Amino acid sequence: KGKRGRALATFRRSAEIWFYFSSFYIKDAWILKNYNSGIWSKEKFQKERAKLGGQLTQNLLRLGPTFIKLGQIFSTRIDIVPKEYIEQLKLLQDNVPAFSGIRAQEIIESELGKPIDEL
């Protein structure tokens with residue numbers, strides 16, 4: 001892969017993460033604006049937030065183990081996370097797809113750029 005390839009992979013991963021979370025923030029702000037301005041009823045607001053919470057959960061699964069763990073942590077923080085998101089994030093407590101130890105080793109080696117026995 002080389003130094004340049006790893007730098008490019010790191011940049012791509014960072015861009016993916018920033019893009020997702022900035023788009024999530026914009027969607028959440030739009031939902032809040034529609035509710036606070038009276039355009040949406042409370043039911044519509046809760047439905048849209050639940051839908052966005054489902055998207056959040058799916059994207060955390062796609063982003064990988066670190067983000068799954070963050071979602072699990074936030075699923076217990078009812079003091080700072082809206083209940084519609086909590087309900088969806090709770091799914092990360094029990095319903096996370098398993099993967100093999102071999103796959104875990106591949107992920108570690110890919111992220112660190114070296115075989116495990118050289119670390």
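Conventions and cut-offs
- Residues numbered from 1 in each chain as written.
- Predicted model: local features only at pLDDT ≥ 70, side-chain atom pairs only at ≥ 80, totals over all residues.
- Heavy atoms only, no water.
- Helix = DSSP H or I, 4+ residues; strand = E, 2+ residues; numbered from the N terminus.
- Rg over C-alpha atoms; globule rule 2.2 N^0.38 Å.
- Buried < 20%, exposed > 50% of the residue type's maximum accessible area, 1.4 Å probe, protein only.
- Contact = heavy atoms within 4.5 Å.
- Areas by Shrake-Rupley, 256 points an atom, 1.4 Å probe, with all protein chains shown as cover.
- Lys, Arg positive; Asp, Glu negative; His and termini not counted.
- Charge placed at Lys NZ, Arg CZ, Asp CG, Glu CD.
- Core = buried A, V, L, I, M, F, W, Y, C linked by side-chain atoms within 4.5 Å.
- Expected span 1.5 Å × (residues − 1).
- Phe/Tyr/Trp six-rings, centres within 6.5 Å; stacked < 30°, edge-to-face > 60°.

**Considering the overall build of the protein chain**
Point 1. When its secondary structure is counted, the protein chain shows six helices and zero strands.
Point 2. Along the protein chain, from the amino end to the carboxyl end, the secondary structure elements read α-α-α-α-α-α.
Point 3. Taking 119 residues into account, the globule formula puts the C-alpha radius of gyration at 14 Å, and the protein chain, at 18 Å, lies well above it.
Point 4. In terms of overall dimensions, the protein chain has a C-alpha envelope of 60 × 30 × 20 Å along the principal axes.
Point 5. Every one of the 119 residues in the protein chain was classed for burial, and the buried ones make up 26%.
Point 6. For the protein chain, long-range pairs separated by at least 24 residues make up 53% of all intrachain contacts whose partners lie at least 6 apart in sequence.
Point 7. Of the roughly 8,600 Å² that the protein chain leaves accessible, carbon and sulfur atoms contribute 60%.
Point 8. The averaged location of the 13 negative side-chain charges in the protein chain is 6 Å from the averaged location of its 20 positive side-chain charges.

**Observations concerning the environment of Glu87**
Point 1. With respect to the secondary-structure elements, Glu87 resides in helix α4 (residues 83–89).
Point 2. Along the primary structure Glu87 and Ala50 are separated by 37 residues, whereas in three dimensions their C-alpha atoms are 7.8 Å apart.

**A look at the nonpolar core**
Point 1. Counting 17 residues, the largest nonpolar core has Phe24, Leu56, Leu60 and Leu89 as its most contacted members.
Point 2. Looking at this core, the element that brings in the most residues is helix α2 (residues 42–63), giving five residues.

**Observations concerning helix α6 (residues 101–112)**
Point 1. For α6, which comprises twelve residues, the first-to-last C-alpha distance of 16 Å matches the rise-based estimate of 16 Å (1.5 Å per residue) to within 8%.
Point 2. Two residues or fewer past α6, Gly113 is found with a positive phi of approximately 75 degrees.

**Here we look at the packing of aromatic side chains**
Point 1. Going through the model one piece at a time under the given rule, you end up with six aromatic pairs.
Point 2. Ring centres of Tyr20 and Phe21 lie 5.0 Å apart, and the angle between their planes is 75 degrees; this geometry places the pair in the edge-to-face category.
Point 3. A residue is classified by how much of its surface remains accessible, and Tyr20, at 7% relative accessible area, is buried.
Point 4. Both rings, one in Tyr35 and one in Phe45, keep their centres 4.3 Å apart while their planes meet at 20 degrees; by these two values the pair is stacked. Remark: Phe45 occurs in helix α2 and Tyr35 occurs in helix α1 (residues 2–36); sequence separation between them is ten residues.

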